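# Fold and geometry: a report
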Amino acid sequence: MEVAKVSMLNDLNTFSNNYSIRVKIVSISKKMMNNNKNEIYRLDMIFMDEMETMIQASCLHKMLGKFKEFLQLDECLLITKPSLATNKSSAKYTKRNDKISLYFYTSVEKCFDWSGPKYRFNFVNLKDVVKNKFEVNTVIDWIGYVDVCFNLEDTSKKDGSKGKRLNLRLEDIEGQKCPLTLWDGFAIDMFAYMNDKKREKYVVILCHFGMVNLYKGKRGVANGFELSRLFIDTDIKEISSFRKSVEDEFLNNPDFMLIGFLGTISTTKKVLVVGTITAICTNKLWYYNGCNHCKSGVEERFVTKENPDGLSDVYHEKLLVCTNDKCEGVDIYSIPRFKIPIRVQDSSGIVSLTLFDFEAYKILQKTAKELVSIQDQVENYGISMATNDDEILSALCTKFNLNQV
Ligand SMILES: [Zn+2]
């Protein structure tokens, strides 16, 4: 048999089929027969070569008997004489408009000397997603930790079948938050993990071949179609290094401050304090009406308008207006958000802080009404991130030599 030359995916052309490719199956999904949901119609895959180039690939049911044992997720293969077909699938997982097809003259064997990477992620910046820099339904890789996880919901699909939806809020190292929606199997797996008592405190989630999503008028991220892969606290280097950065955010914050010295700061800056919540101030409101777009406060304003019926001269209309000049929101409505005034004490003093929104939700898991407080306000600072994780707190105490109960 003639020996076919190993080609890179970037060099493939339609002039000849007489070549081999060395690829790793980085995603795989089964499409079942329309008339028989137990029988596979086609395997759809994404192949990656050793230069990290990706291409979509498929194998029709007639050829499965020959190749099925090789076509497993994360398998590395040497494929000789594949065919190059037009990629007609609606979801574009790669920029190419062709795909590999395994056909009658193709042969497949395991590749034991794979020199490419295990995974090749191309993470988007969550800020770019939120700021509408991507079209909805663009295939992307995303990573973040779970800031908030809401309840699993039932959905009805266009074809009448039932599904599941899970809304979450993702956050990156820069503190950028982004709505996350997971569907069906991905939603069910994630919700089960979030409710697992043995899970990590900071849940890091990564999606390979995920998607830019539009939910209630806002851009966010989601799992994509069948070829998406979700990694939840999986032991891979991208997740461990992300986790380390999240924990460092608390442990290695360079501007740790004793509460007694907060008064020496003259400019706006982020600092880390470690203390005990001793009181909730009940003389101040524990929530505010926030803009649905930017979270700034909203105000009701009366606007005078000319009456369209022309009978009476003018009329007054009550309008919700965002107090943030830079807010780009339209059709603004208000959402009550936590703004809980608390007193926090360490060995050097006591200070008034404000627990905003989800930081409050995460720690208290009940309303401020249930808590009692007594102290007056002296100084007031905002909180950008809070933790009640025992390990982090004890690490902080050791690090900064704090010996408080
Ligand atoms: Zn706003």
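Everything discussed here concerns the structure shown above.
The sections below set out a description of the structure shown in this document.

Rules of the game
Residues numbered from 1 in each chain as written. Predicted model: local features only at pLDDT ≥ 70, side-chain atom pairs only at ≥ 80, totals over all residues. Heavy atoms only, no water. Core = buried A, V, L, I, M, F, W, Y, C linked by side-chain atoms within 4.5 Å. Buried < 20%, exposed > 50% of the residue type's maximum accessible area, 1.4 Å probe, protein only. Helix = DSSP H or I, 4+ residues; strand = E, 2+ residues; numbered from the N terminus. Contact = heavy atoms within 4.5 Å. Phe/Tyr/Trp six-rings, centres within 6.5 Å; stacked < 30°, edge-to-face > 60°. Lys NZ or Arg CZ within 6 Å of the ring centre and 35° of its normal. Arc of directions from axis to C-beta. Pairing = 2+ DSSP bridges. Salt bridge = Lys/Arg side-chain N within 4 Å of Asp/Glu carboxyl O. Donors = N, O, S within 2.8 Å, 3.2 Å for Na, K, Ca; no water.

## What to know about the nonpolar core
- Counting 24 residues, the largest nonpolar core has I21, F47, C59, L71 and I100 as the members making the most contacts within it.
- Those elements giving two or more residues to this core turn out to be strand 2 (19-32), strand 3 (40-49), strand 4 (54-60), helix 1 (61-67) and strand 5 (76-80).
- Residues in contact with L71, not counting those within four places in the same chain, are I25, I28, L43, M45, C59, L64, L77 and L102.
- Counting 23 residues, the second largest nonpolar core, distinct from the first, contains L126, L168, L182 and V203.

## Regarding the packing of aromatic side chains
- This model, assessed by the stated rule, comprises eight aromatic pairs.
- For the pair F104 and Y105, a centre-to-centre distance of 5.2 Å together with 85° between the ring planes defines the contact as edge-to-face. Take F104 and Y105: they sit in the same class, and that class is exposed.
- On the numbers, 5.3 Å between centres and 75° between planes, the contact of Y119 with F231 is edge-to-face. A residue pair is termed long-range when its members are at least 10 positions apart, and Y119 in the loop between strand 8 (107-110) and helix 2 (126-130) and F231 in strand 14 (residues 229-232) qualify at 112 residues.
- The class for Y119 is buried, based on a relative accessible area of 11%.
- Grouped by ring-pair contacts, the aromatic residues Y119, F121, F123 and F231 constitute a single cluster.
- The cationic tip of K24 hangs over the ring face of Y119; the distance from NZ or CZ to the ring centre is 5.0 Å.

## Quick word on helix 6 (residues 390-399)
- Every buried residue belonging to helix 6 is among I392, L396 and C397, and all of these are buried. All buried residues of helix 6 lie within an arc of 135° about the axis, which places them on one face of the element. Away from its buried face, by an angle of more than 90 degrees, helix 6 presents the exposed residues D390, E391 and T398.
- Where helix 6 ends, the next residue or the one after it, N401, has phi of about 55°, a positive value.

## Details of the environment of L258
- Assignment of secondary structure puts L258 in the loop between helix 4 (237-251) and strand 15 (276-280).
- Residue classification places L258 among the partly exposed residues on the basis of a relative accessible area of 25%.
- On a C-alpha basis, the gap between L258 and S347 in space is 7.9 Å, while along the polypeptide they are 89 residues apart.

## Digging into the pairing of strand 12 (residues 204-215)
- Within strand 12, 10 of the 12 residues are buried, which leaves the element mostly enclosed by the surrounding structure.
- With four bridges connecting them, strand 12 and strand 14 associate as antiparallel partners. Considered in strand 14, the bridge of L206 is made with F231.
- Alignment of strand 12 against strand 13 (residues 218-222), held across five bridges, turns out to be antiparallel. Bridge pairing in strand 13 places V212 opposite V221.
- Counted along the chain from strand 12 to the antiparallel partner strand 13, the turn is two residues long, and its residue K216 has a positive phi close to 50°.

## Considering the pattern of salt bridges
- Within the structure shown, the criterion is met by 19 salt bridges.
- Between E299 and R301 there is a salt bridge whose closest N-O contact spans 3.2 Å.
- Taken together, the salt bridges that share partners define one network made up of R22, E50 and D113.

## Some remarks on unusual backbone geometry
- The residue E52 is not glycine, and still its phi comes out positive at about 70°.
- Along the polypeptide, E52 turns up in the loop between strand 3 and strand 4.
- Classification of E52 by relative accessible area gives partly exposed; the value is 34%.
- The phi dihedral of K81 is positive, around 55°, even though this residue is not glycine.
- Mapped onto the fold, K81 is located in the loop between strand 5 and strand 6 (83-86).

## Notes on the coordination of the zinc ion
- Around the zinc ion, the donor atoms from the protein are C291 (SG), C294 (SG), C322 (SG) and C327 (SG), and they sit 2.3 to 2.4 Å away.
- In the primary sequence, the donor residues of the zinc ion line up as C-x2-C-x27-C-x4-C. Of this pair, C294 sits in the loop between strand 16 (287-291) and strand 17 (298-306) while C322 sits in strand 18 (residues 314-322), placing them 28 residues apart in sequence.
- Relative accessible area serves as the criterion here: at 11%, C322 is assigned to the buried category.

## Considerations on the environment of R301
- For R301, the location among the structural elements is in strand 17.
- A relative accessible area of 38% places R301 in the partly exposed class.
- As a C-alpha pair, R301 and E317 span 16 residues in sequence and 8.2 Å in three-dimensional space.
- With residues near it in sequence (within four places) discarded, R301 still touches E317, K318, L319 and V321.

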